[in-house]
Each structure stands twice: as structure tokens, then as C-alpha cells.
Amino acid sequence: MKLDDLKRTWTQEVEALDGNQDLGPAIEMLEKETISFDKKIKRRDFIETFAAVICIPAWLYGLAKADHWMEITGLIILLLACIFIPVILWKTRVTETDKLVGIKSFLLNEKAKVKRQISLLSNIVVWYIAPIFSGVMLLTLGANINADGQLQLGTHMWTYYGFVFILSIGIYLLNKQGVKKKFKPILEKIENQLNELERAES
């Protein structure tokens with residue numbers, strides 16, 4: 001966009017805000033909400049990336065000592081998960097926007113940002129839960145096969161599997177609830193402000 005076009009767009013948007021006393025404060029409030037949203041996402045991404053990085057040496061050590069194919073396969077899956085999960089989070093990373101580029105551009109960018117996060121969490125089973133769950137299952141099953149090739153699972157292992165299964169369901173439900181209660185409402189607010197701005201400009 002050329003400088004003259006940018007100035008023209010900014011002038012039109014400012015005039016639209018001046019003509020609608022409710023729109024300006026609403027966008028200011030929305031901006032504060034998106035800043036808080038960005039901080040939470042960045043904190044989540046940092047924690048997940050840190051957890052993945054510190055697990056990599058453990059999986060590599062286990063891989064060096066593993067001797068059963070199930071155990072090896074599980075460790076490889078977990079190792080790949082620890083590499084790809086941070087990459088996936090980075091690709092949908094939060095990018096800061098500035099209203100100085102234009103209020104409409106700011107809102108459109110925020111809309112795209114929130115939609116990426118909704119898509120990410122809506123598919124959490126594919127890129128997060130399934131790899132970790134299957135990796136843990138294969139790793140522990142392989143570790144409990146004796147020299148005769150017989151699987152030996154005690155009560156403590158069944159309890160462990162039950163815990164992992166319930167934890168996986170809990171992660172899925174928490175993220176689903178987060179999309180419904182936190183992400184979709186802010187997306188709706190952004191869309192409403194875009195509609196209000198377009199009406200004010202027309």
C-alpha cells in the first residue's frame with residue numbers, strides 16, 4: 001500500500017470513528033483484550049516448547065537403550081512429537097499488530113490470528129494428543145515385554161493407562177471449552193467491530 005493510500009485509509013477510518021461515539025471506545029477495549037490474548041498464547045507456546053525441549057534428551061537416552069521394536073517406535077514417535085509440536089505452535093505464532101497501519105487492517109489481522117488459534121485447538125487430537133498418547137502406549141507396552149516376548153502388565157500399569165487416557169480426554173475437553181468460552185467470543189467481538197466500522201464508513 002502506498003503512503004498516500006495509507007493516509008487516505010487512516011483519515012476515512014478516523015472520520016468513521018468520530019462519527020460513531022460508541023465505536024472508538026469499543027475498539028480500544030478490544031485492543032486491550034487482544035493484547036491479553038496475545039500474552040496468554042505466547043506464555044502457552046513457551047511452556048509447551050520448553051517441555052518438549054527438555055524431554056528430547058530423555059527420549060534419545062531411552063532410544064539408545066531400547067531393544068524391543070514397540071519401545072523403539074514409541075520413543076521415535078515421542079521424539080518427533082517434541083520436534084514438531086513447537087514447530088506447529090511457531091507457525092501459528094502470535095504476531096503483534098499496530099493500529100497505525102489502519103484500524104480495519106488491525107482488526108482483520110486480529111481476526112486471522114484468532115481463527116488460526118481456533119483451528120489449532122480444534123485439531124489438537126491430530127497434532128498433540130494422538131502422537132503423545134500413542135508414543136507413551138507403545139513405549140510402555142514395549143518396556144513390559146519379557147525376554148520370551150510375553151506382555152506382562154501389572155495392576156499399576158493398567159492404572160497408569162487409565163490415568164493417561166483420562167488425562168488425554170481432559171486435555172481435549174479443556175481445549176474444546178477454551179475455544180468455546182474464550183476464543184470464539186473474542187472472534188465474534190472482532191467481527192462485530194469490523195461490521196460496525198464498515199457501516200460507519202459507508
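Preceding block: the structure.
So, here's what we can say about the structure. Only a predicted model underlies this, so the values are computations on that prediction, with no experimental measurement involved.

Cut-offs and rules
- Residues numbered from 1 in each chain as written.
- Predicted model: local features only at pLDDT ≥ 70, side-chain atom pairs only at ≥ 80, totals over all residues.
- Heavy atoms only, no water.
- Helix = DSSP H or I, 4+ residues; strand = E, 2+ residues; numbered from the N terminus.
- Expected span 1.5 Å × (residues − 1).
- Buried < 20%, exposed > 50% of the residue type's maximum accessible area, 1.4 Å probe, protein only.
- Salt bridge = Lys/Arg side-chain N within 4 Å of Asp/Glu carboxyl O.

## Description of helix α3 (residues 69-91)
Thinking step 1. Helix length check: α3 (23 residues) gives 32 Å between terminal C-alpha atoms against 33 Å at 1.5 Å per residue, within 8%.
Thinking step 2. Within α3, burial applies to Met70, Glu71, Gly74, Leu75, Leu78, Leu79, Ala81, Cys82, Ile85, Pro86 and Leu89.

## Some details on the pattern of salt bridges
Thinking step 1. For the coordinates displayed, the defined rule picks out 5 salt bridges.
Thinking step 2. Put simply, Glu33 and Lys189 hold a salt bridge, and the shortest N to O gap is 3.1 Å. One end of the pair, Glu33, is in helix α2 (residues 23-65); the other, Lys189, is in helix α6 (residues 155-201), with 156 residues separating them in the sequence.
Thinking step 3. Look at Glu33 and you get partly exposed, because its relative accessible area is 29%.
Thinking step 4. Residue Lys189 is classed as partly exposed on the basis of its relative accessible area, which comes to 38%.
Thinking step 5. Sharing partners across several salt bridges, the network here consists of Asp38, Glu110 and Lys113.

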